[in-house]
Amino acid sequence: ILDTLPGLVWVARPNGIIDTCNRSWREKFAVTPDAPGYDWTELIHPDDLAAWRTAWDAALVSGTGFEIEFRLRRGDDWCWYLTRVAPLVGERGRILR
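Described in the following lines is the structure provided in the data block. What you see is a predicted model; the values in this text were computed from it and never measured.

Here we look at the overall build of the protein
Step number 1: Helices and strands together make up the secondary structure of the protein, namely 2 helices and 4 strands.
Step number 2: The N-to-C order of helical and strand elements in the protein reads β-β-α-α-β-β.
Step number 3: In terms of C-alpha radius of gyration, the protein reaches 13 Å, essentially the compact-globule figure of 13 Å for 97 residues.
Step number 4: Summarising its shape, the C-alpha atoms of the protein cover approximately 40 × 30 × 20 Å along the three principal directions.
Step number 5: Burial statistics for the protein: of 97 residues in total, 32% are counted as buried.
Step number 6: Long-range pairs, those at least 24 residues apart, make up 33% of the contacts in the protein between residues at least 6 apart in sequence.

Laid out in structure tokens, this is it:
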């Protein structure tokens, strides 16, 4: 189902390491389908990284989602992305993904 979505979709552990991403993500960022988890935040523009980390850490504490714009590196260029994050919370309130 994820591969049919045209938008960039990824699922990450609470530490930010990607477990799953869809075809659109793999094509834009040259990731193979069988690639092990990786720290995708290395793609974030250095000027945007602090805002990303602050929002991510706050979501881990609160268990709520957020929306943020930042730039990601694609080859030699930077592209702006609007990103929506929605934590997947388990039965005991712990964030799973």
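What about the pattern of salt bridges?
Step number 1: One pass over the structure, following the stated rule, counts 5 salt bridges.
Step number 2: In this structure, Asp3 engages Arg26 in a salt bridge whose closest nitrogen and oxygen atoms are separated by 3.1 Å. Separated by 23 residues along the polypeptide, Asp3 in the segment before strand 1 (10-12) and Arg26 in helix 1 (residues 23-29) bring together distant segments of the chain.
Step number 3: The salt bridge partner of Arg97 is Asp19, with a shortest N-O separation of 2.6 Å. With Arg97 in the segment after strand 4 (77-85) and Asp19 in strand 2 (residues 18-21), the pair connects residues that are 78 residues apart, well separated along the chain.
Step number 4: The partly exposed category is assigned to Arg97, whose relative accessible area is 39%.
Step number 5: Overall, the relative accessible area of 31% leaves Asp19 in the partly exposed class.

What to know about the nonpolar core
Step number 1: Counting 20 residues, the largest nonpolar core has Trp10, Trp25, Trp40, Trp52, Phe66 and Leu72 as the members making the most contacts within it.
Step number 2: Mapped by element, the contributors of at least two residues to this core are strand 1, strand 2, helix 1, helix 2 (46-62), strand 3 (66-74) and strand 4.

Concerning the side chain of Ser24
Step number 1: Within the secondary structure, Ser24 sits in helix 1.
Step number 2: With near-sequence residues (within four places) excluded, Ser24 lies in contact with Leu5, Pro6, Gly7 and Leu8.

A closer look at helix 2
Step number 1: Taking 1.5 Å of rise per residue, the 17 residues of helix 2 would be expected to cover 24 Å, and the 25 Å separating its terminal C-alpha atoms lies within 8% of that figure.
Step number 2: Every buried residue of helix 2 is accounted for by Asp48, Trp52, Ala55, Trp56 and Ala59. Within helix 2, the buried residues cover an arc of 100 degrees as seen down the axis, which keeps them to one side. Turned more than 90 degrees off the buried face of helix 2, the exposed positions are Pro46, Ala50, Thr54 and Val61.

Scoring rules and cut-offs
Position labels on residues start from 1 in each chain and follow its written sequence. For a predicted model such as this one, the threshold for reporting local features is a pLDDT of at least 70, and the threshold for listing and counting side-chain atom pairs is 80 or more; totals across whole chains, interfaces and linings nevertheless cover every residue. Side-chain measures here rest on the full set of heavy atoms in the structure, leaving out hydrogens and waters. Helix numbering and strand numbering both begin at the N terminus, where a helix is a DSSP run of H or I of at least 4 residues and a strand a DSSP run of E of at least 2. Two things to know: the radius of gyration comes from C-alpha atoms, and the globule rule equals 2.2 Å times the number of residues to the power 0.38. In this scheme, a residue with accessible area under 20% of its type's maximum is buried, one over 50% is exposed, and one in between is partly exposed, where area comes from a 1.4 Å probe on protein chains only. Here a residue-residue contact requires only that any non-hydrogen atoms of the pair lie within 4.5 Å. A pair is scored as a salt bridge if a Lys or Arg side-chain nitrogen falls within 4 Å of a carboxyl oxygen belonging to Asp or Glu. Residues enter a nonpolar core if they are buried and are Ala, Val, Leu, Ile, Met, Phe, Trp, Tyr or Cys, with the set joined through side-chain atoms within 4.5 Å. The length a helix should cover is 1.5 Å for every residue beyond the first. The directions considered for the arc run from the helix axis to the C-beta atoms.

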